[in-house]
Amino acid sequence: MQDILTVVNLAKRYGSRQAVAALNFRICQGEIFGLLGPNGAGKTTTIGMLTGLVDPSGGQVMIDGLDLRQSPLEAKAKIGFVPQDFAFYPTLSARDNLIFFGRIYGLHGRLLRQRIVDTLQMVELADRAEHTVSTFSHGMKRRLNIAIGLLHHPQILILDEPTIGVDAHMRQTIVENLKTLNKRGLTILYTTHHMQEAQHLCHRVAIMDKGNIIATDTPSALMAASGKGIIRIRLSKPALREQMEPLADLGSLTLFDSTVVHIQLAADTTDNIFGKVAVLAEKADIALTGIDILEPSLESVFLHLTGRSAMIDNASLPDNQQPGVEDDP
Amino acid sequence: MIQHIFAVTVKEFKVLWHDREALALLFIMPVFFILVMSLSLEGVYGGGSREQPLEILAVNEDQGQAAGKVILDLGKMERLTVVESLESAPVTLRKAQDLIRTKKYRLALHFGDHFSERIQSESHDNTIEAPVISLMVDPAMNLQLVSSLRGTIQGVVERHLIMARLPHIVHQGLSGLGEQGAPEMAQMLNALTPQLEDIFSNADIGSLGNRRVSLQVVPLRSLVNNRQPTSTEQNVPGYTIFGVFFIVLTLASSFIQEKNDGTFQRILTAPLSKAALILGKLLPYYLVNLVQIALMFAVGVAFFDLRLGNIGALFLISLALSASANAMGLLVAAVAKTEAQVNGLAVLLAITLSALGGMMVPVFLMPGFMKTMSLFTPHAWALSGYHDVMIRGLGVSAVLDEAGVLLGFSVLFFLIALWRFRFE
């Protein structure tokens, strides 16, 4: 399949801080590709470089065969971008916003009018076309934000955390809409820290942490690699790897921060797993403060790869961006 | 309750402290106002100031001594400097007119060749013309200032008129007494004192001198032929320039809002150059400025019979003025980081540059260093350009310098703004 986006050794450095290390990945036509990771993983910087907003310190971005640095205007015309925050004019109507953004992508006349009608219908805002955007609910603004990115029928739609601040129903609607668009042939690059959402939506994902891609594959392949599940054990005090060895009978061990141990289960043996862990821990003279069993999922894969939950950082979001603040009138 | 107030107060202080540049502007602004306004206004009251006296040329063609004495007395006034000679040569009428036309001097007094003879003459003597002093002024001179100066000069001249005519008056009085004959000399001397008192008590210019000196104000090179422009004609250009630069606040706020809303970022992911974005963003404000200028002049024409002069020259200055105001707005948008900083900076610039540029006080009345500083404001050049067209009646070629300097300001502001501007 033809590559729509190719990233080669893409890097960004701010002074002495390496925000994004040399990234390499490619997205094929018709694919939904997820860029996953917690806040601060480098996703937004990467998106900035892919859309031409941030100058890379090194590397190359090719969009449908065009080098973004050498042919920025032609390459940008193939991208539809949906930023994390609402980026439109709240004092204008939805239609006027779309007219403006359509024109800067070279649309005009009957084609522009038709695209506006189609796009507003798709995001279920047709009846609010003439209303001032400042009167819209959070969810409606979120849909308009996406509509602007779709208006010019891009080759690839890049969405930066498009479901932040929407309730479960709206999140589901957005995900289903994206699936529909994808079925019509639209290639999608989707960033999120919602592993479950990515697992449900994406054909392939790249997991980012601290500016690096730590894994790239299909969600099912990544989950298969994590075995039959993961046992996460928290210790009361730091322990050496040698002390933990008795637990290795259950599967391969990963030690994080010397107080958190992950056991990647070798077989589907969750029966009486708490008892088995307790016996082995006693044998190793280790006091436990907590134990969780994680079913195979992208969340458990991320947890196992980084020792941290991708969702933890969600707690730091402002109130109005927390899930469940949808207030459609 | 008190705890809540305290918590809110502390939070607000922290917010203010977080935007230290905006906070600093709150202190810098009044200091600037005090400095600029006080220094520039100093010259308005009393015609000039001790440090920066008003310079007035004196053309003395009088064959007698009266004009020389008036000039000497005027020169003793601490707020006036009378210039009788330039490069060791007396100032001639032609030289004075040239110097005013070229805006090197704003005022000149002209005493005709028979001034002394005429102030001595009787009003009923039709063979001798009434004495006249011409006060030649640049038509763009502030009317209140001309009026105040005229009063001052008139006062000095009339005092001299009385002094010059006093011997003649006394002689007349004593001649009357002499006709009464020598034998009654003792009684005559007794009668002399109250009669003289009576004579001098009535010695006002109208009845005593018979001749009154006429001080004629002659505006040179005026669009409205040989009459001093009205205060509206003088003030509309200044108000217009003042209003035009308010676009700085509106324009810079709009740029900051787009930065904050993230719309700039989104637009830049589209196939659109940064230059197109900035120019597209500036163009409406530029047009708003031109409409603003047209509207203000239209009001002047409709309600105050304002004469616009050469429309081409007026348009040229207006185009250049709007360009400099827009470029300054972009510069403020580039330098300021927050809405509060934009507000503070825009107001600071609007007031201080207007004061420095001569919107409130004529530049030639300002102290020397402020005169120099005014050259670094677009306001001063725009005002000079408008005065050239609307008051002095000049055309396109005469305002090319002003338009060029205004465009120079525009380019300078624009380049600095582009260097400093960040879209995020």
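Our subject in this report is the structure included herewith. Model, not experiment: these values are computed from the prediction.

1. Things to note about the nonpolar core
All names here are of chain B. Core analysis: the biggest nonpolar cluster contains 76 residues, and L321 and Y386 have the highest contact counts within it. Of all the elements, helix α13 (residues 311–335) adds the most residues to this core, at 13 residues. If sequence neighbours within four positions are ignored, L321 has contacts with I241, V244, F245, I293, A382, Y386 and L406. One finds V70, L161, V213 and L215 within the second-largest nonpolar core, a separate group that totals 33 residues.

2. Concerning the pattern of salt bridges
Considering all chains together, one arrives at 13 salt bridges over all chains under this definition. Its salt-bridge partner being A:R95, residue A:E130 comes within 2.5 Å of it at the nearest N-O pair. Highlighted residues: A:E130 in the loop between α4 (109–122) and α5 (138–150) and A:R95 in helix α3 (residues 94–104), separated in sequence by 35 residues. The salt bridge partner of B:D138 is B:R392, with a shortest N-O separation of 2.7 Å. Residue B:D138 is located in the loop between β6 (132–137) and α6 (143–178), and its partner B:R392 is located in the loop between α16 (378–390) and α17 (400–420); the two are separated by 254 residues in the primary sequence.

3. Overview of the pairing of strand β3 (residues 32–36) of chain A
Residue and element names in this part refer to chain A. When you tally the buried positions in β3, you get five out of five residues, the bulk of the element. Burial along β3 is two-sided: I32, G34 and L36 facing one way and F33 and L35 facing the other are all buried. In this sheet, strand β8 (residues 187–192) lies alongside β3 in parallel orientation, the contact comprising five bridges. Among the inter-strand pairings, G34 is bridged to a residue of β8, identified as Y190. In the sheet, β3 pairs with strand β9 (residues 204–209) via four bridges, with the strands oriented parallel. Residue F33 lies in a different strand from β9, and its bridge partner there is R204.

4. A few points about the interface of chain B and chain A
The figure often quoted for interface size is the accessible area lost as the parts come together. Counting residues at the interface gives 13 residues for chain B and 20 residues for chain A. Of the roughly 1,400 Å² buried between chain B and chain A on both sides combined, carbon and sulfur atoms contribute 62%. Summed over the three residues of chain B that lose the most area to chain A, namely B:R266, B:T269 and B:P271, the buried surface amounts to 52% of that side. Along the contact surface separating chain B from chain A lie zero salt bridges.

Rules used in this analysis
Residues numbered from 1 in each chain as written. Chains lettered and ligands numbered in written order. Predicted model: local features only at pLDDT ≥ 70, side-chain atom pairs only at ≥ 80, totals over all residues. Heavy atoms only, no water. Core = buried A, V, L, I, M, F, W, Y, C linked by side-chain atoms within 4.5 Å. Buried < 20%, exposed > 50% of the residue type's maximum accessible area, 1.4 Å probe, protein only. Helix = DSSP H or I, 4+ residues; strand = E, 2+ residues; numbered from the N terminus. Contact = heavy atoms within 4.5 Å. Salt bridge = Lys/Arg side-chain N within 4 Å of Asp/Glu carboxyl O. Pairing = 2+ DSSP bridges. Buried area = accessible area lost by both parts, 1.4 Å probe.

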